[in-house]
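# Residue-level structural notes
Given next are the chains, with one letter for each unit.
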Amino acid sequence: MDSNLKQNIIKIYGDKGKQWLDSLLEIITKIAKEHNLSGLTPVNNMTFNYVASGYQNDNPIILKIGMNSKALAKEASCLKAFSADDISP
């Protein structure tokens with residue numbers, strides 16, 4: 001796992017961050033199983049979130065997991081609002 005991610009998570013979240021890092025593989029495995037994800041490959045230079053590229057069925061995806069659920073929810077909302085599928089010509 002990326003050392004920058006580890007350092008940042010522990011610096012910001014302390015013991016809770018350590019626990020999260022220790023359970024991250026289990027979290028990734030659960031999400032992958034629930035959403036039919038495969039070929040997950042961590043990206044380089046992670047800072048505050050775990051990020052991996054992979055596939056959901058045959059569709060390429062990016063998986064992003066973080067401790068700050070409010071920030072991730074806001075980001076997801078923005079991505080939905082600006083998705084090409086929702087924009088009318």
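For the structure itself, consult the block above.
This report concerns the structure included in the present document. (Residues numbered from 1 in each chain as written. Predicted model: local features only at pLDDT ≥ 70, side-chain atom pairs only at ≥ 80, totals over all residues. Heavy atoms only, no water.)

## Concerning the overall build of the protein
Under the convention used in this document: Think of it this way: any DSSP run of H or I at least four residues long counts as a helix, any run of E at least two long counts as a strand, and we number them from the N terminus. Any two residues whose heavy atoms approach within 4.5 Å are treated as being in contact. Calculation of accessible area relied on Shrake-Rupley with a 1.4 Å probe; when residues are assessed, cover is drawn exclusively from the protein chains displayed.
Counting its secondary structure elements, the protein contains 2 helices and 3 strands. The N-to-C order of helical and strand elements in the protein reads α-β-β-β-α. For the protein, long-range pairs separated by at least 24 residues make up 35% of all intrachain contacts whose partners lie at least 6 apart in sequence. Working note: accessible area of the protein is about 6800 Å², and carbon and sulfur atoms make up 53% of it.

## With respect to the pairing of strand E1 (residues 37-42)
This is how it is decided: Here, strands pair whenever DSSP counts at least two bridges between them.
Bridge analysis of E1 against strand E2 (residues 49-56) gives 4 bridges, and the strand direction is antiparallel. The residue bridging Thr41 from the neighbouring strand is Ser53, located in E2. What sits between E1 and E2 in their antiparallel hairpin is a turn of 6 residues, with Asn45 showing a positive phi close to 65°.

## With respect to the sheet that holds strand E3 (residues 59-66)
For clarity, the cut-off: Axis lines are fitted through C-alpha atoms, for helices just across the contact stretch, and the angle between N-to-C directions can take any value from 0 to 180 degrees.
Read from one edge to the other, the open sheet built from 3 strands follows the order E1-E2-E3, with strand pairing classed as antiparallel. The sheet is open, and its two borders are formed by E1 and E3, each paired with just one other strand. Recorded for the sheet is a direction-independent mean angle of 30° between the axes of neighbouring strands. Sheet topology note: the E2/E3 ladder contains 8 bridges and is antiparallel. Looking at the pairing, Gly54 lines up with Ile61 of E3. Lying on the sheet, helix H1 (residues 3-34) is in contact with E1, E2 and E3; it crosses E3 at an angle near 140°.

## What to know about the environment of Pro42
Condition: Buried, partly exposed and exposed residues are distinguished by accessible area as a fraction of the type maximum, computed with a 1.4 Å probe on protein chains only: under 20%, between the cut-offs, and over 50%, respectively.
Secondary-structure assignment places Pro42 in strand E1. What makes Pro42 partly exposed here is its relative accessible area of 44%. Along the sequence, Pro42 and Met1 sit 41 residues apart, while their C-alpha atoms lie 8.0 Å from each other. Each residue touching Pro42, except ones within four places of it in the same chain, is listed here: Tyr50, Val51 and Ala52.

## Structural notes on the nonpolar core
Heads up, the condition is: Put simply, a nonpolar core is a bunch of buried Ala, Val, Leu, Ile, Met, Phe, Trp, Tyr and Cys residues held in one set by side-chain atoms that sit within 4.5 Å of each other.
The biggest cluster of nonpolar side chains holds 15 residues, and the ones touching the most others in it are Trp20, Leu24, Ile28, Tyr50, Leu63 and Ile65. The dominant element in this core, judged by the number of residues it contributes, is H1, at 7 residues. Sequence-distant contacts of Ile28, that is, excluding residues within four places in its chain, are made with Leu40, Tyr50, Leu63 and Ile65.

## Focus on H1
Note the cut-off: A helix's residues, less one, multiplied by 1.5 Å, set its expected span.
Here H1 contains 32 residues, and its C-alpha end-to-end distance of 28 Å is more than 12% below the 46 Å for a straight helix at 1.5 Å per residue. Among the residues of H1, Leu5, Ile9, Gly17, Trp20, Leu21, Leu24, Ile28 and Ala32 are the ones counted as buried. Buried residues along H1 sit against E1, E2 and E3. Phi turns positive, to about 55°, at Asn36, one or two residues after H1.

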